[in-house]
Amino acid sequence: GCPPTATSNGPSEVAVPATRGPTAGVRMQFFAEHALPLARQAAERAFCYSGIRPSDITHLVVVTCTGFAAPGIDVGLIQELNLPATTQRIQVGFMGCHGAINGLRTAQALGSSGRVVGVQVHPGCATSSGKALRKVSRIPAVVMASVVG
């Protein structure tokens, strides 16, 4: 069978000052710790359900509006999934929820010329809605992982 839904084993929440949300540093550290493992798990599920091997992938599309790290999730996925070194990669970032639409559109367009794995990852709630947050949820969620083409 295919692996279970991608999750993280980190703590369920982190305390932040009552007067403000988490700092950018806290959000980026959380992203750096959780984004790649979640993306890898989601991609592995996509490979399992599609029957396509990682060695068949020609393109990688990664979507996130939660954070960024260097090297990026795309580089980590190529290494950890043993994708071909020739895999072309695209990262769609900081577009909010609309980024998912752009990522899907990009994967669909690239799928006509090759095999594409697309992953959208949002590790936890790393943003504020404008209110002062006392705690930030650290429950990760992978929104999309699929193989196209």
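The preceding data block contains the structure.
Reference entry: report on the structure contained in this document.

**Quick notes on the nonpolar core**
- Grouped together as the largest cluster of nonpolar side chains are 19 residues, with contacts concentrated most on Phe47, Leu60, Ile73, Leu77, Leu83, Val117 and Val119.
- Broken down by secondary-structure element, the contributors of at least two residues to this core are α1 (24-50), β2 (59-64), α2 (73-80) and β4 (116-122).
- The leading source of residues in this core is α1, at seven residues.
- Other than its neighbours up to four places away in sequence, Leu60 contacts Asp74, Leu77, Ile78, Leu83, Thr87, Gln88, Arg89, Ile90 and Val117.
- Counting six residues, the second-largest nonpolar core is a separate cluster that includes Val61, Val63, Leu110 and Val116.

**Here's the deal with the packing of aromatic side chains**
- Under the defined criterion, the tally for this structure stands at one aromatic pair.
- Consider the rings of Phe68 and Phe94, whose centres lie 5.7 Å apart with planes at 70°: the pair is edge-to-face. With Phe68 in the loop between β2 and α2 and Phe94 in the loop between β3 (88-93) and α3 (98-111), this residue pair connects regions lying 26 residues apart in the sequence.
- For Phe68, a relative accessible area of 53% translates into the label exposed.

About the thresholds
Residues numbered from 1 in each chain as written. Predicted model: local features only at pLDDT ≥ 70, side-chain atom pairs only at ≥ 80, totals over all residues. Heavy atoms only, no water. Core = buried A, V, L, I, M, F, W, Y, C linked by side-chain atoms within 4.5 Å. Buried < 20%, exposed > 50% of the residue type's maximum accessible area, 1.4 Å probe, protein only. Helix = DSSP H or I, 4+ residues; strand = E, 2+ residues; numbered from the N terminus. Contact = heavy atoms within 4.5 Å. Phe/Tyr/Trp six-rings, centres within 6.5 Å; stacked < 30°, edge-to-face > 60°.

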